[in-house]
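Chain by chain, the residues:
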Amino acid sequence: MKKNMITGSKLWSIAMITSLLAACSSPATTSTTANAATSTTGTTKTVSVSEQTSVKYADLVSLDADDTNISWSEADSTAIKLNGTTATVTGSGAKAANGSVTISEAGTYVLSGELTDGQIVVNVADKGTVHLVLNGANIHDNDSAAIYIQKAGKAVITLEKGTKNTVSDGKTYVYADATTDEPDAAIFSKADLTFNGAGQLTVTGNYNEGITSKDDLKIISGNISVKAADDGIKGKDMVAIQAGTITIEAEGDGIKSTNDTDTTKGYVAIAGGTFDIQSGNDGIQAETALVTDGGTYNIVTGGGSANAPAKVEEGPFGGGGWGGGTPPTDMGTPPDGEPPADMPEMPTNSGTNTGTNTNGAAASNSANTTTTDNNADADTATTATESTSAKALKAGTDLTVNGGTYTIDSMDDSLHSNNNVTVNDGTFNIESGDDGIHADQALTINGGTITIAKSYEGLEGAIITLNDGDVDVTASDDGVNAAGGETETAANPAASTDSATTATDATTTSNISVTETTGTTSTTDQASQGTAVNQQGRGPGGMGGAAASNNEFHINGGSLTVNAGGDGLDSNGSINMTGGTVIVNGPTDSGNGALDYDGTFEISGGYLVAAGSSGMAQGTSDASTQNTIVMTFPATQKAGTLVHVQDSEGNNILTFAPAKDYQTVVVSSPDLAKDGSYVIYSGGTSTGKAVDGLYTDGTYSGGTQVVAFQSTSNVTWVNESGVTTANTGMGGPGGGGQGGFGGGRNRSQSGTTTDTTGTTDSAK
């Protein structure tokens, strides 16, 4: 329930993606359960459907013949035989002297043997392509980079099939003078660098980084393991990975790009591969865009989610209050996402390089310093706040996931973008110390299977859209939080477009890619929402609440299951649902609600069930075209106690076993009629199969009738006595409760137009 969150994040501009898209009586009778969770599509309202044409690896990366060339012959290459501190060169273009080998001509060079303290230097004046074949080579330099590409048009390193190769450096580098700070990686290139082949390469960067390219860095194939004192694999202009098996153990970032001066560069694009990354800071970080088409990823950052600092929910005055403090521990089933109470403090020197240079200065640590790289490498452009950044997938502009399998345990956000996140497909198993998936602007899910087993907040973004896919969220605070979006407009005015504005023909082209946004229309009237809030949010006692913001949460399809210690679905603006299935196991405390919105919640299709505490309960809005029942029980019901709703003919509307204690249940279904007769039961059993607590078949029996009633409007509030009025108890310190100083925010409530008591249908 981050009510006071203002992101203020810098918007990074990249022309690849479009701008922000335009957020207790007689025993029960027996009934047969119909398909209660049938998903339907609304017919009356056009909503924000942010379906972006997918940006893929092929849109960003082009390969030439040199990138994929793995062939060589003895006749057409120069052999370099390494032997201790010396080397023997057979052929032209290279010379060995003083324990090092200098390559001065374009061509193919085959390296084998062991160099215990020496360097392979490439210095080709004509900018030709140098092809290095590692054919069982072990190269170590005590005081500098083991492989140093000083000058070349391109360097290609082929890992010969069936061979094992190692490259390493020492903890201390010797530089020519105090102004020199490169090379700083075991393999360091000032030119474009490509890896290919089917062999193995183990890189140990004891001084600072493992593999660095000051231009493009491409990995076409190979089995590459990197251990680094700071970053594992870094390319300034881009990192492109087509395939391969990559293992990284890095004190800083695992994989990163760093160019923040050219919006067409600084990206990471991955077509596939197998990745095992353990990093002190971010797992995969792109200065601009991050795109993954596929692959298998196992990523642990900052020691995992167990190392996340404890979080405190903010009350309306910036902290504490009822509803503040540590989120509740009772998360029911599935297990909760609250960080443990004995969580250790986050290390302050994660990624700090222990190596030194002979000028007495510690080696540059890009993840933990505010000093800008003298060579404009942009390693430190995000300032010292990056020292606390331990995200798994992180993009400065846009993060697009088109597929792949992801197992993530991150101290910080698991997926994060300073702009937009789009998930088109993929399988995710996430444990996060902060947000499961976070976008400063638009978060769009078009498909995939996403399981967030642990998080502080599950999904967070200024505008959140679920079009398809299966999403399961466990959060110690809010399950879904549509909030934030405030930006530094001077940094990128185009990116701060009001989300309530219709976005049309938002096609943008650039040197990187073409992205087309289709079917994006936001019809939310924020001005009228503010009026509705002022008129309907009538919490007795407390102070006036906040007006609705431009934040939006749109549910157009797919399935969403939420288990939240804070609010289940939370929008600082509005919620709109046209399709899909949503199941919410909300809070047990009265300082939060299963549904929490400041504007409106209009539902025109789909199936919604939300269970939670009663103190802050909200239903859907009167403007909805699909009907809703909001039931408040006279006392808290124990977790697992069935709540069953059926119509006058015994047809099932709802059979649901909430995962936690509850007192209020909201259900909206296409099968509900505005003037229908319904009976609500508590307890009992069902012979059907439950998915996330929701029974969609079988027979219900054995429960106790709580109330029978006649629906009176499209949003009907009921208790054990019959139809009643909406919950208006929004006061209390820090949110929740009745009256008192410092009441919670005013809320737009449905069913508040009359104050008459409902009529119990005693015939049922």
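About the criteria used
- Residues numbered from 1 in each chain as written.
- Predicted model: local features only at pLDDT ≥ 70, side-chain atom pairs only at ≥ 80, totals over all residues.
- Heavy atoms only, no water.
- Helix = DSSP H or I, 4+ residues; strand = E, 2+ residues; numbered from the N terminus.
- Buried < 20%, exposed > 50% of the residue type's maximum accessible area, 1.4 Å probe, protein only.
- Areas by Shrake-Rupley, 256 points an atom, 1.4 Å probe, with all protein chains shown as cover.
- Salt bridge = Lys/Arg side-chain N within 4 Å of Asp/Glu carboxyl O.
- Pairing = 2+ DSSP bridges.
- Phe/Tyr/Trp six-rings, centres within 6.5 Å; stacked < 30°, edge-to-face > 60°.
- Lys NZ or Arg CZ within 6 Å of the ring centre and 35° of its normal.
- pLDDT = per-residue confidence, 0-100.
- Contact = heavy atoms within 4.5 Å.
- Polar contact = N/O pair within 3.5 Å; in protein donor to acceptor, adjacent residues only side chain to side chain.

## Comments concerning the overall build of the protein
Within the protein, the secondary structure is distributed over three helices and 65 strands. A burial count over the protein gives 60% of its 764 residues as buried. Accessible surface for the protein amounts to roughly 25600 Å². Of this, 47% is attributable to carbon and sulfur atoms.

## Here we look at the pattern of salt bridges
Evaluated as defined, the whole model comprises 11 salt bridges. A salt bridge links Lys154 to Asp64, with the shortest nitrogen-to-oxygen separation between them at 2.7 Å. Here Lys154, found in strand S11 (residues 154–159), pairs with Asp64, found in the loop between helix H1 (57–60) and helix H2 (65–68); they are 90 residues apart in sequence, far enough to count as distant. Overall, Asp64 belongs to the partly exposed group, its relative accessible area being 36%. Note that Lys154 is salt-bridged to Asp67, the shortest N-O span being 3.0 Å. In this pair, Lys154 sits in strand S11 while Asp67 sits in helix H2, placing the two residues 87 residues apart along the sequence. A network of salt bridges, in which partner residues are shared, links Asp64, Asp67, Lys154 and Lys218.

## Structural notes on the pairing of strand S25 (residues 274–279)
Side chains Phe275, Ile277 and Ser279 of S25 all project onto a buried face; the interleaved residues Thr274, Asp276 and Gln278 project onto a face where none is buried. With six bridges connecting them, S25 and strand S28 (residues 296–301) associate as parallel partners. The residue bridging Ser279 from the neighbouring strand is Thr301, located in S28.

## Points about the packing of aromatic side chains
In the structure shown here, the tally under the stated rule is 11 aromatic pairs. Between Tyr406 and Phe428, the aromatic rings sit 4.7 Å apart at their centres with planes inclined by 5°, giving stacked as the arrangement. You can see Tyr406 sitting in strand S32 (residues 405–410) and its partner Phe428 sitting in strand S35 (residues 427–432), a full 22 residues away along the chain. With relative accessibility at 0%, the residue Tyr406 sits in the buried group. Between the aromatic rings of Tyr678 and Phe709, the centroid separation amounts to 6.1 Å while the plane-to-plane angle is 40°, which identifies the pairing as tilted. Of this pair, Tyr678 sits in strand S58 (residues 677–682) while Phe709 is found in strand S63 (residues 704–710), placing the two residues 31 residues apart along the sequence. Every member of this aromatic cluster is reached through a ring pair, and the members are Phe275, Tyr297, Tyr406 and Phe428. Positioned above the aromatic ring of Tyr456 is the side chain of Lys311, whose terminal nitrogen or guanidinium carbon lies 5.7 Å from the ring centre.

## Looking at the pairing of strand S18 (residues 216–219)
Residues of S18 alternate between two faces, with Asp216 and Lys218 on one and Leu217 and Ile219 on the opposite face, all of them buried. In the sheet, S18 pairs with strand S21 (residues 238–241) via four bridges, with the strands oriented parallel. What sits directly across from Leu217, in S21, is Val239.

## Some thoughts on the confidence of the model for the protein
Summary statistics for the protein give a mean pLDDT of 79 and a share of 70% for residues scoring 70 or more. Segment residues 358–387: pLDDT under 50, and 77 contacts once partners within four positions in sequence are set aside and those in other chains are kept. For residues 487–546, every residue scores under 50 in pLDDT, and the model assigns this stretch 158 contacts once sequence neighbours within four places are set aside.

## Details of the environment of Val471
Among the structural elements, Val471 can be located in strand S41 (residues 470–475). With relative accessibility at 4%, the residue Val471 sits in the buried group. The sequence separation of Val471 and Val562 amounts to 91 residues, and the corresponding C-alpha distance is 8.4 Å. What Val471 contacts, discounting residues up to four positions off in sequence, is Ile445, Ile450, Leu459, Leu466, Ser559, Leu560 and Thr561.

## Structural notes on the side chain of Lys454
Within the secondary structure layout, Lys454 lies in strand S38 (residues 449–454). At a separation of 3.3 Å, a polar atom in the side chain of Lys454 contacts the side chain of Ser305.

## Concerning the environment of Gln150
Of note, Gln150 is situated in strand S10 (residues 147–151). Residues Gln150 and Pro183, spaced 33 residues apart in sequence, show a C-alpha to C-alpha distance of 9.0 Å. Apart from residues no more than four positions distant in its own chain, Gln150 is found in contact with Val121, Val122, Asn123 and Lys190.

## Some points on the side chain of Asn585
Structurally, the position occupied by Asn585 is in strand S50 (residues 581–585). We classify Asn585 as buried; its relative accessible area is 5%. Every residue in contact with Asn585, bar those within four places of it in the chain, is listed here: Val562, Asn563, Ala564, Ala611, Phe656, Pro658, Ala659 and Lys660.

## Considering unusual backbone geometry
In the segment running from Glu182 into Pro183, the intervening peptide bond is cis, with an omega of 5°. Looking at where Pro183 falls in the secondary structure, it is placed in the loop between strand S13 (172–173) and strand S14 (185–189). You will see that Lys127, though not glycine, has its phi angle at about 60°, which is positive.

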